[in-house]
Amino acid sequence: MEIAKRTENGSGQCVHLCRPPPAPDLPMQHRGADSGYNALAPPRAYPAPSLPPAPSRLLPSDLPAPHPPCPGSAAVRSPGSRFASSLRVLCSPPRRSAVFWRPWIDDGGEKEQEAPHNAVEAVPLKQGRSLMDWIRLTKSGKDLTGLKGRLIEVTEEELKKHNKKDDCWICIRGFVYNVSPYMEYHPGGEDELMRAAGSDGTDLFDQVHRWVNYESMLKECLVGRMAMKPAFPKGMLPQSQVTDTLAKEGPSSPSYDWFQTDSLVTIVIYTKQKDINLDSVIVDHRDDSFRAETVIKDYSYLVHVALSHEIQEDFSVLVVENVGKIEIVLKKKENTSWKCLGHPQENHNSFIPKKDTGLFYRKCQLVSKEDVTHDTKLFCLMLPPSTHLEVPVGQHVYLRLPITGTEIVKPYTPVCDSLFSEFKEPVLPNNIYIYFLIKIYPAGFFTPELDQLQIGDYVSVSNPEGNFIISQLQELEDLFLLAAGTGFTPMVKVLNYALTNIPSLRKVKLMFFNKTEDDIIWRSQLEKLAFKDKRFEVEFVLSAPTSEWSGKQGYISPALLSEFLKRRSDTSKVLICLCGPTPFTEQGMKMLHDLNFSKDEIHSFTA
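Residues numbered from 1 in each chain as written. Predicted model: local features only at pLDDT ≥ 70, side-chain atom pairs only at ≥ 80, totals over all residues. Heavy atoms only, no water.

- As recorded in an unreviewed UniProt entry, the chain goes by the name Cytochrome b5 reductase 4, listed as coming from Bos mutus grunniens.
- One UniProt comment on the chain, placed under Subcellular location (unreviewed entry), says "Endoplasmic reticulum".
- For the record of the chain, the UniProt heading Catalytic activity (unreviewed entry) holds the text "2 Fe(III)-[cytochrome b5] + NADH = 2 Fe(II)-[cytochrome b5] + NAD(+) + H(+)". (UniProt positions renumbered as here; feature names shortened; annotations may be inferred.)

And the structure:
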């Protein structure tokens, strides 16, 4: 047994990172689990530095950054404030989010069939107003801000003046953009943009579509930065008030500690929750930056430090579920004693609502891709060796690629490599590899680029998102899955989890809608699974079958659903999961309500 030396007190406050109080030696057993690796943080109200002359093409990240929070600070940013964002952006990288910034879906019909919640409908665009057209315009050298390349500091009063379609400025996370030239290119329509005209649109962005990379899309429209207000603007609270607010509104704030032996450093996170598991924690290590994010209900707790010494790439993560403790064991490169864990980075020791955190990406390597149908492929991405990431059942991630100089982002739900993984050699363990079933749209914008990637190329993958709660499956008797096309992808892990982990389960039924037989993803696997496990049934419904097809035909309808959705009794606990194109899910939801299924009995993975 190795003896661990306590090097920080149990409060886990940053101020003790390099000045630990004396503490007795404590015994520590080294435990390890899956290998694991990623960052963001609340700012302090520092005065804004003056803006230098700017080049014509400038990203918010190119602007001078202020000093990072000092070790003694533990500021927590507060949601909903208008000018909190202008403080926030100085200390935090911009987040990929939007509510009225819609991804282009008119490029050859490339429209994902399963995506994040709360998206707004796209509107038809005029000829010559596609994403490619907008990118060409931004690269044409035309002055899109009207300021001839200058950057200015914008006051609240000045921002309010620019509130018309031909003169529309919007503040997003402390940076101001002239979006007037973008109006006709916006797939969500001009009216959606005008909702934030002359004001701070950060909260609107944060409602949904955190994934849209607006700072890259609008880099030529950047007017400047919001003028800073004095400390504690509206919505920003002193630390004591933040703590009181969290205590009233959310779970207890976690804490962390760290210990060391001659060869190991163990970071321990005390979540004070009992429903924590390995997919609740995401760990990233890059160079000397160490980041561990723990998701607790709707909140995120972050440990983010620049380590004082080098560590090896591989590390282990262990969750002690009955006490809610997470242990992250790092291997020292040199067997020397660390006087401190490191120096606090952005948002270190913060505990904030998950919706207020940013998307963090890591580069994953493409290791294989194989044909599944005539237009759908199974992609396998390998996580970096210094990352621990397990995507929870029913959640999605965002894939990001640079395309013609702009970063384009699309949401996808990971799947298993097969419905029968146990029959295959476990060459690619799930905690190192992520699989995606992706339909390739030849005339599309994103998927052809993804398909052109060679083995060994890299794709950026975000942290997981989504509102599916695994506890919905507990004590379930009947599970019904309604999927259309690639809307099948969220069902894969739900199906596997239910059949493997829910002892009360009596029946799982999948109704799978497609156009033709050639479009059915994993048909043979689904049929084999139905043969192997008598609890599982699958029905295929085709909208354009050949004359030889003897199965069901047509589209989703009340007649099909009433026949398919047979509950065991009036008191049976059932769940219906639904995913597909927007018309499919909207019609399906209405039909389910008409069939007297309650809101709690339906989960829609909808766009």
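1. Observations concerning the overall build of the chain
Next up, step 1: Counting its secondary structure elements, the chain contains 12 helices and 31 strands.
Next up, step 2: The buried share of the chain, taken over its 607 residues, is 56%.
Next up, step 3: When the accessible area of the chain is evaluated, it comes to approximately 25,900 Å², of which 51% is carbon and sulfur surface. (Helix = DSSP H or I, 4+ residues; strand = E, 2+ residues; numbered from the N terminus. Buried < 20%, exposed > 50% of the residue type's maximum accessible area, 1.4 Å probe, protein only. Areas by Shrake-Rupley, 256 points an atom, 1.4 Å probe, with all protein chains shown as cover.)

2. Details of the packing of aromatic side chains
Next up, step 1: Applying the stated criterion to the full structure yields 12 aromatic pairs.
Next up, step 2: Ring centres 5.0 Å apart and planes at 70 degrees place the aromatic pair Trp 134 and Tyr 182 in the edge-to-face group. A residue pair is termed long-range when its members are at least 10 positions apart, and Trp 134 in helix H2 (residues 131-138) and Tyr 182 in the loop between strand E7 (175-178) and helix H4 (190-194) qualify at 48 residues.
Next up, step 3: For Trp 134, a relative accessible area of 1% puts it in the buried group.
Next up, step 4: Given the relative accessible area of 0%, Tyr 182 is considered buried.
Next up, step 5: Between Phe 513 and Phe 584 the ring centres are 5.3 Å apart and the planes differ by 65 degrees, which places this aromatic pair in the edge-to-face class. Linking Phe 513 in strand E27 (residues 507-514) with Phe 584 in helix H12 (residues 582-594), this pair joins segments that are 71 residues apart in sequence.
Next up, step 6: On the basis of relative accessible area, Phe 584 is assigned to the buried category, the value being 9%.
Next up, step 7: Chaining the aromatic ring pairs together yields one cluster made of Phe 488, Phe 512, Trp 522 and Phe 540.
Next up, step 8: Residue placement shows Arg 291 over the ring face of Phe 360; its charged tip is 4.8 Å from the ring centre.
Next up, step 9: Seen from the ring of Phe 531, Lys 534 lies directly overhead, with NZ or CZ sitting 4.8 Å from the centre. (Phe/Tyr/Trp six-rings, centres within 6.5 Å; stacked < 30°, edge-to-face > 60°. Lys NZ or Arg CZ within 6 Å of the ring centre and 35° of its normal.)

3. Here we look at unusual backbone geometry
Next up, step 1: You will see that Lys 272, though not glycine, has its phi angle at about 65 degrees, which is positive.
Next up, step 2: Residue position: Lys 272 is located in the loop between strand E11 (264-270) and strand E12 (281-286).
Next up, step 3: Its identity as a non-glycine residue notwithstanding, Thr 404 has a phi of 45 degrees, on the positive side.
Next up, step 4: Of note, Thr 404 is situated in the loop between strand E22 (397-403) and strand E23 (406-412).
Next up, step 5: According to the relative accessible area criterion, Thr 404 is partly exposed, its value standing at 40%.

4. Describing the sheet that holds strand E26 (residues 478-484)
Either a parallel or an antiparallel arrangement is found when strands of a sheet pair, and the pairing is made through backbone hydrogen bonds.
Next up, step 1: Within the open sheet, the 6 strands sit side by side as E29-E28-E27-E26-E30-E31. Their pairing is parallel. Each end of this open sheet is capped by a strand with a single partner; those strands are strand E29 (552-553) and strand E31 (602-605).
Next up, step 2: Across 2 bridges, the pairing between strand E28 (residues 536-542) and E29 is parallel. Its bridge partner lying in E29, Leu 542 is registered against Gln 553.
Next up, step 3: Contacts between H12 and the sheet are confined to E26, E27, strand E30 (574-579) and E31, with E30 contributing the most and set at about 155 degrees to the helix. (Pairing = 2+ DSSP bridges. Contact = heavy atoms within 4.5 Å. Axes fitted to C-alpha atoms, helices over the stretch in contact; angles between N-to-C directions.)

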